[in-house]
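Each chain, letter by letter, is given below.
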Amino acid sequence: MQIGKTEARLNAEIEKRGALFAVLLDPDTSDDNALLKAGALAAENGADLLLVGGSFMGNFKLPAQVAALKKEVSLPVVLFPGGASQVVPGFDAILFMTLVTGRNPNYLIDEQVRGGVLVKSLGMEAIPTAYELINSGKRTAVEYISGTFPVPENKPKLSMVHSIAAELMGMRYVYLEAGSGAETPVPVEHIAYTRKATEMTIITGGGIREPESAAVRVAAGAQIIVTGTLWEKVKDPGLLKEFASAIHVKG
Ligand SMILES: CC(C)=CCC/C(C)=C/CC/C(C)=C/CC/C(C)=C/COP(=O)(O)OP(=O)(O)O
Ligand SMILES: O=P(O)(O)OC[C@@H](O)CO
Ligand SMILES: [Mg+2]
């Protein structure tokens with residue numbers, strides 16, 4: 001499958017800036033302006049990419065909210081789905097994910113079969129993405145909902161072998177995930193092993209709360225750093241800018 005417009009844009013930006021700063025917006029809100037406000041604030045203060053997703057997503061107003069957000073910001077707005085039912089119109093692309101570290105067929109093929117037809121009929125760009133869940137202290141929503149075991153935090157080679165398999169299956173991006181609100185982010189060794197063994201674009205997120213924590217993960221080879229939960233409590237343009245400069249290692 002050919003690389004689409006949004007993926008090409010992200011790849012070019014990574015080339016230019018070294019790594020990208022992604023802000024994850026929670027769509028589980030009935031407040032019509034919340035998504036718009038959070039997205040606009042992130043865009044004005046150095047974010048490169050807006051992800052929209054939640055392990056639950058029951059917001060029938062989402063297509064209208066995404067359309068409003070697209071009018072307001074010029075950044076790519078990408079769907080980060082917890083399941084096929086979350087495929088709705090308006091996004092620039094979808095991270096078309098497979099939970100490769102799990103052994104639950106529902107997240108290995110079933111959601112993809114159900115979601116794939118929707119993606120095709122919407123004409124939405126898909127970015128084939130391996131999703132790897134790595135242990136981060138306490139149980140996370142993704143672990144609970146997907147019914148899968150995360151990779152042990154002290155076994156970076158285990159995530160590496162999943163990355164190798166995913167690349168051979170044609171996936172171009174890999175998301176190393178500690179889980180939303182994780183106590184500890186994905187250990188740098190997991191990132192470094194996947195970086196050494198594959199050419200996939202590495203996204204990482206979960207529990208990243210300080211710019212320094214983002215910077216060390218970029219140094220280990222991550223190319224897209226995702227932060228979400230932090231911005232639910234903190235609306236701080238200065239801190240957003242600090243993240244952006246810690247991540248944009250090429251300026
Ligand atoms: C390809 C399609 C259509 C779907 C892929 C479905 C897969 C493989 C999902 C992986 C497992 C899963 C449940 C992922 C959720 C990822 C996500 C959006 C996390 C962010 O949500 P949270 O922040 O954890 O949500 P809460 O804040 O509600 O806990
Ligand atoms: O909410 P946080 O902990 O920033 O995690 C972001 C993302 O990786 C969750 O899927
Ligand atoms: Mg969350």
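Residues numbered from 1 in each chain as written. Chains lettered and ligands numbered in written order. Predicted model: local features only at pLDDT ≥ 70, side-chain atom pairs only at ≥ 80, totals over all residues. Heavy atoms only, no water.

- Going by what an unreviewed UniProt entry lists, the protein chain is known as Phosphoglycerol geranylgeranyltransferase and is assigned to Hallerella porci.
- Comment text from UniProt for the protein chain, heading Catalytic activity (unreviewed entry), reads "sn-glycerol 1-phosphate + (2E,6E,10E)-geranylgeranyl diphosphate = sn-3-O-(geranylgeranyl)glycerol 1-phosphate + diphosphate". (UniProt positions renumbered as here; feature names shortened; annotations may be inferred.)

## Describing the site of ligand 2
Then, number 1: As a matter of local geometry, ligand 2 sits amid 13 residues, with Glu177, Gly181, Gly207, Gly228 and Thr229 nearest to it.
Then, number 2: One of the backbone nitrogen or oxygen atoms of Gly228 is found 2.7 Å away from an oxygen atom of ligand 2.
Then, number 3: A majority-of-atoms criterion places ligand 2 in the largest pocket.
Then, number 4: Of the residues belonging to the shell around ligand 2, the class tally is three nonpolar, nine polar and one charged. (Near = heavy atom within 4 Å. Polar contact = N/O pair within 3.5 Å; in protein donor to acceptor, adjacent residues only side chain to side chain. 1 Å grid on protein atoms, 1.4 Å probe; cavity = no way out; pocket = protein on both sides within 12 Å on 5 of 7 lines; lining within 4 Å. Sits in = over half its atoms within 2 Å of the grid points. Nonpolar A, V, L, I, M, F, W, Y, C, P; charged D, E, K, R; others polar.)

## Looking at the site of ligand 1
Then, number 1: If you check the shell around ligand 1, you find 20 residues, and the closest are Gly54, Ser55, Phe80, Ala141 and Ser180.
Then, number 2: Ser180 is positioned such that a nitrogen or oxygen atom in its side chain is 2.8 Å from an oxygen atom of ligand 1.
Then, number 3: The protein chains hide 91% of the 750 Å² of surface that ligand 1 would expose on its own.
Then, number 4: A molecule is said to occupy a pocket when more than half its atoms come within 2 Å of that pocket's grid points, and by this definition ligand 1 occupies the largest pocket.
Then, number 5: Counting residues per element, the ones that place at least two in the shell around ligand 1 are β4 (93–99), α4 (105–122) and α5 (141–146).
Then, number 6: In terms of residues, the shell around ligand 1 owes the most to one element, α4, which gives four residues.
Then, number 7: For the shell around ligand 1, the residue count by class is 11 nonpolar, eight polar and one charged. (Areas by Shrake-Rupley, 256 points an atom, 1.4 Å probe, with all protein chains shown as cover. Helix = DSSP H or I, 4+ residues; strand = E, 2+ residues; numbered from the N terminus.)

## With respect to the layout of surface pockets
Then, number 1: Roughly 840 Å³ of volume is contained in the largest pocket.
Then, number 2: Along its surface, the largest pocket is lined by 47 residues, and Gly54, Ser55, Phe80, Tyr131 and Val142 are the ones closest to its centre.
Then, number 3: By residue number, the principal contributor to the lining of the largest pocket is β4, which donates six residues.
Then, number 4: Taken together, the residues that form the lining of the largest pocket break down as 21 nonpolar, 19 polar and seven charged.
Then, number 5: In this structure, the second largest pocket encloses a volume near 340 Å³.
Then, number 6: Lining the second largest pocket are 18 residues, and of these Leu25, Ala34, Ala38, Trp231 and Lys235 lie nearest its centre.
Then, number 7: Elements supplying a minimum of two residues to the lining of the second largest pocket: β1 (20–25), α2 (34–44) and α9 (230–233).
Then, number 8: At six residues, the largest contribution of residues to the lining of the second largest pocket is made by α2.
Then, number 9: In terms of residue class, the lining of the second largest pocket is built from 11 nonpolar, two polar and five charged. (Points joined across faces, edges and corners; volume = space filled by probe spheres on them.)

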